[in-house]
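So the chains spell out like this:
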Amino acid sequence: MRKTTKSMIATFIIAISLLSLFTAKKAFPDTFGIIREGIGRDLQGITRKQAEVITAWVDARKKDIRVTANNLPVYRSAVIRENLEPDFSKPLEYLTFLKSIYHYKEVFVVNPSGTIIVSTDKNNIGKEVSSAQYFQEAIKGKTFFSDIMPSTVPIENEFGELELGLPTMFVSTQVTNEKMDVLGALVFRLDVNELIKLIIPMKATETGEIYLINKDGYMLTSSRYTADLKGDGFIKKRTTLELKVANPKTGNLTQAVQQCLKGVEGYNDTGYLDYRGTSVIGYWMWLPYLNWGLVAEIDIDEACNEVRKFFQDTTIKNLRGLMHRQVELLKMRMEGHKNNAAAIARKPQTFHFAKGVASVDEFVNALNYLEFIRDEYGYKGIFICDSAGIVRLATEKNLVNMNFSGEDYFLETKKHGVFVSDVKPSTTPILNEFGKVERNVPTLFVSAVIKDNDGAFAGVVVFRVDTMELNKLMQSMEIGESGETYLINSDGVLITESRFVIELKRKEMIKTRTALELKGISPKSGRLTKGISECLSGSEGYDVTGYPDYRGVPVIGTWCWIPEYEWGVIVEIDLDEAFRKSSAFWGIKQYF
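(A) Representation of the overall build of the protein. Across its full length, the protein holds 19 helices and 24 strands. Classification of the 592 residues of the protein by burial places 53% in the buried group. A separation of at least 24 residues holds for 58% of the contacts in the protein among residues at least 6 apart in sequence. About 26900 Å² of surface is accessible on the protein, with carbon and sulfur atoms providing 51% of the total.

The structure is reproduced here in structure tokens:
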């Protein structure tokens, strides 16, 4: 009896002092199941978001190559077919520029017989690539995105050394002239590391990771355990194309990979052995359009132990992790727009059109040129100003001959080369998000300098960016029932949409939209909310105790200022949901 009593007391003390989930599992068996299911749902969310990021990157590369091929400096058909071009210096200069700003490994042109005739790598000129799938598919008229494969020529690796067999990948498309005669194929050799950079790191966890696999079950991206895998002899240099994702105890592909390769999307929340032989919880999905699979995993021990530390410290860590990722994605998106503007500004056609067009036929061709770029990249409009700021060509025909020499996107671009404006009301009628034409629609401009052959200032090309793109980016992460991410400008005014638009309209706080209408003021104090006020001071911070937001509702939040664009990112969730609706486990998704 005495031993039994002591044992019971000891067990009780250990359970209380460790706050172990083991107790919860015994007392509330359903709770443990809810936790596991919640983690599975959260891994699903991060996997699907990762798939969106990768798909967007692939689509962007396809758009880049189609735009480049369509506007490639004009070659005579016979020149490419017969390989008689005496001087490829101008097109090579442009291709080298593209390679640099988009971080490609190589850009080259192949003639219809399959011979490389222009390349940023002079060692590859004259090579015969007719058997390569990227050539065969492109010459048929397809825009082709290859699998990751070992390189057949030495290329520079991540250490700056030339390496044969380095993982590489290609995107290619057909090159035609105005008569649609096939002149050959344009090919971009992509840097696999640029794909690896897109993989969302689970830095807030000690064991969580997400990775890509190919149709043979080999890892295509980096493992967070690369150093350990090298030490154990599983890989020599890197996990990409070296590590087969198999259970080391059986030699068979892991459960996640086996299911993924069958095209099954699913998860295991009870645990299975990964490529280290460690028990993990995982989610997987197959991307049929790329022949790749995505797998997200976390050690089952960490996943369950971390749940008990969910409140407060973990919640704010989740929000900050989400905010940093949104800032990264926003910067990547804007950098992409700046690169696009710089690339288009460098095209000979753009410089030519900055001087005006001389005939109706030339005007039609020029307009087709701009409309193709606009439609490929999804811009609202594009216009070209001459050196005096006069619009010479525009997809918005009402802008032609207007003088924009006093606009910031002309003046600042002239100073800095490339410029991103603030979000501002449109001064001319444009199509709004509801399909109606009106003035004062929130709009954003990205512009780049056009130079003549001597490098002198010749004008500016301006892209009108659809601000709905910013809204979609800010709303792409779901944060429970009340959480949201939004952008503010230097006046504390929202420049993206609130998830509470209907409520704000009903209260007559806005008329049409929150962008440029709603200032982030707490209705209780009449002053900027704490999150917005501190963000405008240029600091990064958070508040986990709660403060009233622009609705007057107590929230916890985190904020960050982006000085290069003079925008602030705010992430908030209602205090009540964050700390009282614990069964929702909303934050685990953002934690990963």
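(B) The layout of surface pockets, seen in detail. As a volume, the largest pocket reaches approximately 1200 Å³. Together, 37 residues line the largest pocket, and Ala56, Trp57, Ala60, Met332 and Arg333 are the ones closest to its centre. Counting only elements with at least two residues in the lining of the largest pocket, the list comes to helix 3 (29-70), helix 5 (89-102), helix 7 (192-197), helix 11 (310-345) and helix 15 (468-474). Residue composition of the lining of the largest pocket, by class: 15 nonpolar, 7 polar and 15 charged.

(C) The arrangement of empty space enclosed by the protein in detail. One pass over the structure, following the stated rule, counts 2 cavities of 30 Å³ or more. In this structure, the second largest cavity occupies an estimated 40 Å³ of space. In terms of lining, the second largest cavity is formed by Asp64, Val67, Thr68, Tyr94, Leu98, Tyr102, Ala343, Ile344, Lys347 and Tyr377. Elements represented by at least two residues in the lining of the second largest cavity include exactly helix 3, helix 5 and helix 11. Of the residues contributing to the lining of the second largest cavity, the split by class is 7 nonpolar, 1 polar and 2 charged.

(D) Spotlight on unusual backbone geometry. Located in the positive-phi region is Leu241, a residue other than glycine, with phi close to 65°. Position of Leu241 relative to the elements: it lies in the loop between helix 8 (226-231) and helix 9 (255-261). Of the residues examined, Leu241 reaches a relative accessible area of 22% and is grouped as partly exposed. With phi around 65°, Asn440 is a residue other than glycine that occupies positive phi space. Tracing the backbone through its elements, the reader meets Asn440 in the loop between strand 18 (437-438) and strand 19 (442-451).

(E) Fine view of the sheet that holds strand 12 (residues 292-299). With antiparallel pairing, the 4 strands of this open sheet are ordered in space as 9-12-11-10. Each edge of the open sheet carries a strand with a single partner, namely strand 9 (209-213) and strand 10 (266-273). Neighbour-to-neighbour, the strand axes of this sheet turn through a mean angle of 25°, independent of strand direction. Two strands pair when backbone bridges link them, and strand 10 and strand 11 (residues 279-287) are joined in this way by 5 bridges, in the antiparallel orientation. Within strand 11, the position partnered with Tyr267 by the bridge is Tyr283.

(F) Here's a closer look at the pairing of strand 9. Burial analysis of strand 9 places 5 of its 5 residues in the buried class, which makes it a mostly covered element. Alternating residues of strand 9 divide into Glu209, Tyr211 and Ile213 and Ile210 and Leu212, and every residue in both groups is buried. By the bridge criterion, 5 bridges tie strand 9 to strand 12 in an arrangement that is antiparallel. Each residue of the ladder has a partner; that of Tyr211, found in strand 12, is Val295.

(G) Looking closely at the sheet that holds strand 22 (residues 541-548). Strand order in this open sheet of 4 strands is 21-24-23-22, and the pairing throughout is antiparallel. Both edges of this open sheet fall to strand 21 (484-488) and strand 22, since each of them pairs with a single strand only. With direction set aside, neighbouring strand axes in the sheet form an average angle of 25°. Pairing analysis gives 5 bridges linking strand 22 to strand 23 (residues 554-562), with the strands arranged antiparallel. Opposite Pro548, over in strand 23, you have Pro554 as the bridge partner.

(H) Quick look at the pairing of strand 23. With 8 of 9 residues buried, strand 23 is to be regarded as a mostly interior element. Where strand 22 folds back onto strand 23 in an antiparallel hairpin, the turn is made up of 5 residues, including Gly552, whose phi is positive at roughly 90°. With 8 bridges connecting them, strand 23 and strand 24 (residues 567-574) associate as antiparallel partners. By the bridge assignment for strand 24, Trp561 is matched with Gly568. In sequence, strand 23 turns back onto strand 24 through a hairpin of 4 residues, with Glu566 there showing a positive phi of about 55°.

(I) Spotlight on the environment of Leu516. For Leu516, the location among the structural elements is in the loop between helix 16 (501-506) and helix 17 (530-536). Separated by 93 residues in sequence, Leu516 and Val423 place their C-alpha atoms 8.1 Å apart. Excluding residues within four positions of it along the chain, Leu516 makes contact with Val423, Lys424, Pro425, Pro442, Asn489, Val493, Leu494 and Ile495.

(J) Spotlight on the packing of aromatic side chains. Inspection of the entire model under this criterion finds 21 aromatic pairs. Through successive ring pairs, a cluster of aromatic residues spans Phe383, Phe404, Tyr409 and Phe445. Between the NZ or CZ atom of Arg346 and the centre of the ring of Phe97, over which it lies, the distance is 4.1 Å. Its guanidinium or amino end placed over the ring of Phe500, Arg551 lies 3.8 Å from that ring's centre, counting from NZ or CZ.

(K) Examining the nonpolar core more closely. Trp292 and Trp567 are the most contacted members of the largest nonpolar core, which has 107 residues in total. For this core, the element with the highest residue contribution is helix 11, accounting for 13 residues. Sequence-distant contacts of Trp292, defined by excluding residues within four places in its chain, comprise Ile54, Phe145, Ser146, Asp147, Ile148, Met169, Leu195, Leu212, Ile213, Leu220, Trp286 and Leu287. Ranked by size, the runner-up nonpolar core spans 17 residues in total, among them Leu229, Tyr272, Val280 and Trp284.

(L) Expanded view of helix 5. An ideal rise of 1.5 Å per residue puts 20 Å on 14 residues; helix 5 measures up with 20 Å between its terminal C-alpha atoms. Burial in helix 5 covers these residues: Pro91, Tyr94, Leu95, Phe97, Leu98, Ile101 and Tyr102. Projected down its long axis, helix 5 carries its buried residues within an arc of 150°, all on one side. Downstream of helix 5 by one or two residues, His103 has phi in the positive range, about 60°.

(M) Quick look at the state of the cysteines. For the coordinates displayed, the defined rule picks out 0 disulfides. Here Cys535 stays unpaired: no disulfide links it, and the sulfur of Cys560, its closest cysteine neighbor, is 6.8 Å away. Take Cys535: its relative accessible area is 0%, and that puts it in the buried class.

(N) Spatial organisation of helix 13 (residues 360-377). Its 18 residues give helix 13 an end-to-end C-alpha distance of 26 Å, which sits within 8% of 26 Å, the value for a rise of 1.5 Å per residue. Residues Glu362, Ala366, Leu367, Tyr369, Leu370, Glu371, Ile373, Arg374, Glu376 and Tyr377 constitute the buried set of helix 13. The positive-phi residue at the C-terminal boundary of helix 13 is Gly378, with phi of around 80°.

Cut-offs applied
- Numbering of residues starts from 1 in each chain and follows the order in which that chain's sequence is written.
- Where local features are concerned, this predicted model is filtered to residues with pLDDT of at least 70; where side-chain atom pairs are given and counted, the filter is 80 or more; whole-chain, interface and lining totals use all residues.
- Remark: hydrogens and water are excluded; side-chain values derive from all non-hydrogen atoms of the structure.
- Each helix is a run of DSSP H or I of at least 4 residues and each strand a run of E of at least 2, with the numbering of both proceeding from the N terminus.
- Accessibility here uses a 1.4 Å probe with only protein chains present; expressed as a share of the type maximum, an area under 20% marks a residue as buried, one over 50% as exposed, and anything in between as partly exposed.
- What makes two residues a contact is simply this: any of their non-hydrogen atoms within 4.5 Å.
- Where accessible areas are quoted, they stem from the Shrake-Rupley method and a 1.4 Å probe; at the residue level, only the protein chains shown are allowed to cover.
- Two kinds of site are reported from a 1 Å grid over the protein atoms alone, namely cavities, where a 1.4 Å probe fits but cannot get out, and pockets, open sets with protein on both sides within 12 Å along at least five of seven lines, and residues are called lining when an atom falls within 4 Å of a point.
- Grid points are joined across faces, edges and corners, and a volume is the space filled by probe spheres set on the points.
- We call Asp, Glu, Lys and Arg charged. Ala, Val, Leu, Ile, Met, Phe, Trp, Tyr, Cys and Pro are nonpolar, and the rest, Gly among them, are polar.
- Here, strands pair whenever DSSP counts at least two bridges between them.
- Whenever a helix is involved, its axis is fitted only over the stretch in contact; in every case the axis is a line through C-alpha atoms, and angles between N-to-C directions fall within 0 to 180 degrees.
- Centres within 6.5 Å make a pair out of two Phe, Tyr or Trp rings, where for Trp the six-membered ring is used; the pair is then stacked when the planes are under 30 degrees apart, edge-to-face when over 60, and tilted otherwise.
- For a ring to carry a charge above it, either NZ of a lysine or CZ of an arginine must fall within 6 Å of the ring centroid while also lying within 35 degrees of the normal to the ring plane.
- By convention a nonpolar core is built from buried Ala, Val, Leu, Ile, Met, Phe, Trp, Tyr and Cys residues, the set being connected through side-chain atoms within 4.5 Å.
- In a helix, the anticipated span is given by 1.5 Å times the number of residues less one.
- Think of the arc as the fan of directions from the helix axis to the C-beta atoms.
- Disulfides are defined in this document as cysteine sulfur pairs within 2.5 Å.

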